[in-house]
Amino acid sequence: MKILCVGAGLSGAVIGRQLAEAGHSVTVVDARSHIGGNCHTERDADTGVMVHVYGPHIFHTDDAEVWDYVNRFETFLPYKNRVKTTSLDPGGKRQVFSLPVNLHTINQFFGKTLRPEEAHAFITEEQADTSIETPETFEEQALRFVGKDLYEAFFKGYTIKQWGMHPSGLPASILKRLPVRFNYDDNYFFHQFQGMPENGYTAMIAKILDHPGITVTLGTAFERAGAAEYDHVFYSGPLDGWFGYELGRLGYRTLDFERFTHQGDYQGCAVMNYGEETVPYTRITEHKHFSPWENHEGSVCYREFSRACEPGDVPYYPIRQVKEKALLAEYVRLAQQEEGVSFVGRLGTYRYLDMDVTIREALDCARGFLAAQEQGGTAPVFFTDVI
Ligand code: UDP
């Protein structure tokens, strides 16, 4: 069969690879001049630093098959994401704290020397708002689990900047990504497997795409008319874009990066968040710290600003509020009537997906497609559970 994968990010590359290995002829197109989608990494010519061009990407997963899959194409070296945040303590003094909120953060913030059980009792009995039984909003979730002081220092301002909205209008699920720990474990993620590709994500994705059955065409915007030549399309572009935005645009947040260089070590860590609303950026990333096994004198940093995504901007975070979900439901209805196309990935299904989940779904999608072919059935539209 002739297969078209629209988008040379993780979804398009993994699906393309699986189908090429099964003997299909695959074309992967991307409007950008590089593969890798928003995972794209590029070595800076002046400093030699591997730059995460569209912001930091840290690979972490509990999915052993996905971990084996990425390790098949690239060596993953140990990397632990230890995030810091600059904010005000209850006395109004600016300090650097450890994230996610852990025993060190709690003791430093409140000027205490609590042991784990004492800290647990202090937060749950003296700080947490136990009158909130079932937190529904981001704000309720924070007040319920860490209380007002920690919420205001670390989450409120950051979230207003990140989402352009007050946390009382955002779902609790966003905060559930972040744990609270009553020990000194400052690893941002809790997953069994964690690491960074030795030569960057783009090198890994290039190897995934390196198969005689795959042709990659870059710098070519996809046109719906072009789909007619193919037996099936795996579309990882924006869902609303497939339909020419005919019902309106699904809302995203986009990011602006203010790049700067520095001689030496600018901030001593990869990610420094800024909890105060008055600091206009959400965080500064210093990219050489994402490759701790490398040594570079020079440094490349990004100041990260979040804002509403306009036509022509790079979409990052799907907003998925009530209004967006209603529009999404309408697009899903249209998508389910389409034939010969599967909507995949972060943009194709309008969900904020971590890289491991994207690969898991791409593998499942390719398997489902191949199984349907074997049975002589029509290819399924991979479009469930997205609303
Ligand atoms: N968040 C926050 N303060 C921080 C870091 C995160 O309030 O210092 C909130 C913010 O709303 C963010 C969410 O927690 O959108 C999830 O954080 P995560 O680090 O997973 O965001 P990502 O790195 O994916 O942007």
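Anything mentioned here points back to the structure above.
Note on numbering: residues in each chain are counted from 1, in written sequence order. It should be noted that, the model being predicted, local features are given only for residues of pLDDT at least 70 and side-chain atom pairs only at 80 or more, the latter also being counted only at that level, while totals for whole chains, interfaces and linings use all residues. No hydrogens and no water enter the side-chain calculation; it runs on all heavy atoms of the structure.

Asks: Pulling in residues and values, what's your account of the pairing of strand β1 (residues 2-6)?
Replies: Here's how the labels work: a residue is buried when its accessible area is under 20% of the maximum for its type, exposed when over 50%, partly exposed in between, all with a 1.4 Å probe on protein chains only. Put simply, DSSP marks the helices as runs of H or I at least four residues long and the strands as runs of E at least two long, and each gets a number from the N terminus on. For β1, a buried count of four out of five residues is recorded, marking the element as mostly surrounded by other parts of the structure. Looking at chain direction, β1 and strand β2 (residues 25-29) are connected through five bridges and run parallel. Residue pairing across strands places Ile3 opposite Val26, the latter belonging to β2. Look down the strands so they point away from you; if the path from the first strand over the helix to the second goes clockwise, the crossover is right-handed. Taken together, β1, helix α1 (residues 10-21) and β2 constitute a β-α-β crossover, and its handedness is right-handed. Note on pairing: two strands pair once DSSP finds at least 2 bridges between them.

Asks: With reference to specific residues and values, describe unusual backbone geometry.
Replies: Geometrically, the link from Leu99 to Pro100 is a cis peptide bond, its omega value of -5° lying close to zero. Looking at the element boundaries, Pro100 is found in the loop between β8 (94-99) and α3 (103-110). Unusually for a residue other than glycine, Tyr245 sits at a positive phi of about 60°. Considering the arrangement of structural elements, one finds Tyr245 in the loop between α8 (239-242) and β12 (252-263). For Tyr245, a relative accessible area of 29% puts it in the partly exposed group. The phi torsion at Tyr350 lies on the positive side, around 55°, for a residue other than glycine. When you line up the elements, Tyr350 lands in the loop between α10 (345-349) and α11 (355-374).

Asks: Describe the site of the ligand, and please don't skip the residues or the numbers.
Replies: Near residues are defined by distance, with any heavy atom within 4 Å of the molecule or strand qualifying the residue. The ligand sits among 16 residues. The nearest are Arg177, Tyr188, Asn273, Tyr317 and Tyr352. Polar contacts, as used here, are pairs of N or O atoms within 3.5 Å; protein pairs need one atom able to donate a hydrogen and one able to accept it. Residues neighboring in sequence count only if both atoms are side-chain atoms. Tyr188 is positioned such that a nitrogen or oxygen atom in its side chain is 2.5 Å from an oxygen atom of the ligand. To be clear on the numbers: accessible area is Shrake-Rupley with a 1.4 Å probe, and residue cover counts the displayed protein chains and nothing else. Contact with the protein chains removes 94% of the 520 Å² of surface that the ligand exposes when unbound. Among the elements that take part in the shell around the ligand, helix α6 (residues 148-163) stands out by supplying six residues, more than any other.

Asks: A description of the pattern of salt bridges should follow, citing residues and the corresponding values.
Replies: Here, a salt bridge means any Lys or Arg side-chain nitrogen found within 4 Å of an Asp or Glu carboxyl oxygen. The final tally for this structure, using the stated rule, is 25 salt bridges. Among the salt bridges present, the one from Lys207 reaches Glu74, with a minimum N-O distance of 2.8 Å. Separated by 133 residues along the polypeptide, Lys207 in helix α7 (residues 201-209) and Glu74 in the loop between α2 (64-73) and β6 (76-77) bring together distant segments of the chain. Of the residues examined, Lys207 reaches a relative accessible area of 38% and is grouped as partly exposed. Using a relative accessible area of 3% as the deciding quantity, one classes Glu74 as buried.

Asks: Give a detailed account of the packing of aromatic side chains, specifying residues and quantitative values.
Replies: Stacked, tilted and edge-to-face pairs are distinguished by plane angle, under 30 degrees for stacked and over 60 for edge-to-face with tilted covering the rest, among Phe, Tyr and Trp rings (Trp via its six-membered ring) whose centres lie within 6.5 Å. With the rule as written, the count across this model stands at 28 aromatic pairs. For the pair Phe109 and Phe110, a centre-to-centre distance of 4.9 Å together with 85° between the ring planes defines the contact as edge-to-face. Judged by its relative accessible area of 4%, Phe109 falls in the buried class. Accessibility expressed as a relative area gives 17% for Phe110, which makes it buried. By the ring-pair criterion, three or more aromatic residues cluster together here, those being Phe222, Tyr235, Trp242, Phe243, Tyr331 and Phe343.

Asks: Any details on the sheet that holds β6? Residues and values, ideally.
Replies: Read from one edge to the other, the open sheet built from three strands follows the order β5-β9-β6, with strand pairing classed as antiparallel. The sheet is open, and its two edges are formed by β5 (59-61) and β6, each paired on a single side. Pairing of β5 with strand β9 (residues 193-197) involves three bridges; the strand directions are antiparallel. Across the sheet, the residue bridging to Phe59 is Gly195, located in β9.

Asks: Please provide a residue-by-residue account of the packing of helix α5 (residues 138-145) against α6, values included.
Replies: Between the N-to-C directions of two axes lies an angle of 0 to 180 degrees, each axis being a line fitted to C-alpha atoms and, for a helix, fitted only over the stretch in contact. The geometry of α5 relative to α6 is characterised by a closest axis approach of 9 Å and an angle of 155° between their N-to-C directions. It follows that α5 is roughly antiparallel to α6 by the angle criterion. Crossing of α5 against α6: the hand is right-handed. When α5 is examined against α6, the residues Phe138, Glu139, Ala142 and Leu143 are found in contact with a partner set consisting of Lys148, Tyr151, Phe155 and Thr159. Ten residues, namely Ala, Val, Leu, Ile, Met, Phe, Trp, Tyr, Cys and Pro, are considered nonpolar, four, namely Asp, Glu, Lys and Arg, are considered charged, and the remaining ones, Gly among them, are considered polar. For the contact of α5 with α6, the per-class residue count stands at five nonpolar, one polar and two charged. Angle categories: roughly parallel below 35 degrees, roughly antiparallel above 145, roughly perpendicular from 65 to 115, and oblique for all the rest. Note on convention: the crossing is left-handed when the near helix lies turned anticlockwise from the far helix by less than a right angle, right-handed when the turn is clockwise. We call two residues in contact when some of their heavy atoms are within 4.5 Å.

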